[in-house]
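The chain contents come next:
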Amino acid sequence: YQYRYFIVDLSKELASKSRINTIDGSSLLRLYRGSSFTPEDARRFEKNIGRRVAINSYWSTSRNLKCARIFAHRAPDKNLLAVIFTILVDQNSSR
């Protein structure tokens, strides 16, 4: 309860920033996520390109593609593939 004012202020600031960072004034927001996957997991995601995907955890994303590339190439294991997701978010969609 003690953080209520902070959370309200943060929410307003995020809403303001999201309006600024859209694609060509539309409601679409382009985000990137860099990660590393096993070849099998990468193929599973590849089958769902263009579809909605449910994720069971919080994904950190960036509006900066270069930043996502840095995270994609931080694979702790040489057998993992560097993967970059391009995520288009329609801010007018309720789903």
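Just above, that's the structure.
Teacher, can you tell me more about a nonpolar patch on the surface here?
Taken together, the side chains of Y3, F6, I7, L10 and L14 make up a nonpolar region of the molecular surface, amounting to roughly 550 Å² of accessible area. Locating I7 in the fold gives a position in helix 1 (residues 4-20). Look at I7 and you get exposed, because its relative accessible area is 52%.

In this structure, what is going on with the pattern of salt bridges? I would like to understand it.
Opposite charge on two side chains permits them to pair, given that their charged atoms come into close proximity. Throughout the structure, instances matching the rule amount to two salt bridges. The shortest N-O distance in the salt bridge between R44 and E40 comes to 3.6 Å. Taken together, the residues R44 and E40, both in helix 2 (residues 39-46) and four residues apart, mark about one turn of the helix. R44 sits in the partly exposed class, given a relative accessible area of 48%. One salt-bridge network, held together by shared partners, links E40, D41 and R44.

Help me understand the packing of aromatic side chains, please; the structure alone is not making it clear to me.
Aromatic rings considered in pairs are described by the distance between their centres and by the relative angle of their planes. Under the criterion given, the structure shown has five aromatic pairs. Where F37 meets F85, the ring centres are 5.8 Å apart and the plane angle is 85 degrees; that geometry is what we call edge-to-face. Of this pair, F37 sits in strand 1 (residues 28-37) while F85 sits in strand 2 (residues 81-90); the two residues are 48 residues apart in sequence, bridging distant segments of the chain. Taking the centre distance of 5.1 Å and the plane angle of 75 degrees together, the rings of F45 and F85 count as edge-to-face. Note that F45 is positioned in helix 2 and F85 in strand 2, a separation of 40 residues in sequence. Feature note: the residues F37, F45, W59 and F85 constitute an aromatic cluster, connected by ring pairs. In this structure, R33 is placed above the aromatic ring of W59, and the distance from its NZ or CZ to the ring centre is 4.7 Å. The ring of F71 carries R74 above its face, with NZ or CZ at 4.9 Å from the centroid.

Where do I start with the environment of T86 in this structure?
Among the structural elements, T86 can be located in strand 2. T86 has contacts with R30, L31 and Y32, leaving out every residue within four places of it along the chain.

Help me understand the side chain of S62 in this model?
Assignment of secondary structure puts S62 in the loop between helix 2 and helix 3 (65-72). At a separation of 2.9 Å, a polar atom in the side chain of S62 contacts the main-chain amide nitrogen of N64. Setting aside residues up to four positions removed in sequence, S62 forms contacts with L31, Y32 and C67.

Conventions and cut-offs
- Residues numbered from 1 in each chain as written.
- Predicted model: local features only at pLDDT ≥ 70, side-chain atom pairs only at ≥ 80, totals over all residues.
- Heavy atoms only, no water.
- Patch = residues over 30% accessible without salt bridge, like charges linked within 9 Å, V, L, I, M, F, W, Y side chains within 5 Å.
- Areas by Shrake-Rupley, 256 points an atom, 1.4 Å probe, with all protein chains shown as cover.
- Salt bridge = Lys/Arg side-chain N within 4 Å of Asp/Glu carboxyl O.
- Helix = DSSP H or I, 4+ residues; strand = E, 2+ residues; numbered from the N terminus.
- Buried < 20%, exposed > 50% of the residue type's maximum accessible area, 1.4 Å probe, protein only.
- Phe/Tyr/Trp six-rings, centres within 6.5 Å; stacked < 30°, edge-to-face > 60°.
- Lys NZ or Arg CZ within 6 Å of the ring centre and 35° of its normal.
- Contact = heavy atoms within 4.5 Å.
- Polar contact = N/O pair within 3.5 Å; in protein donor to acceptor, adjacent residues only side chain to side chain.

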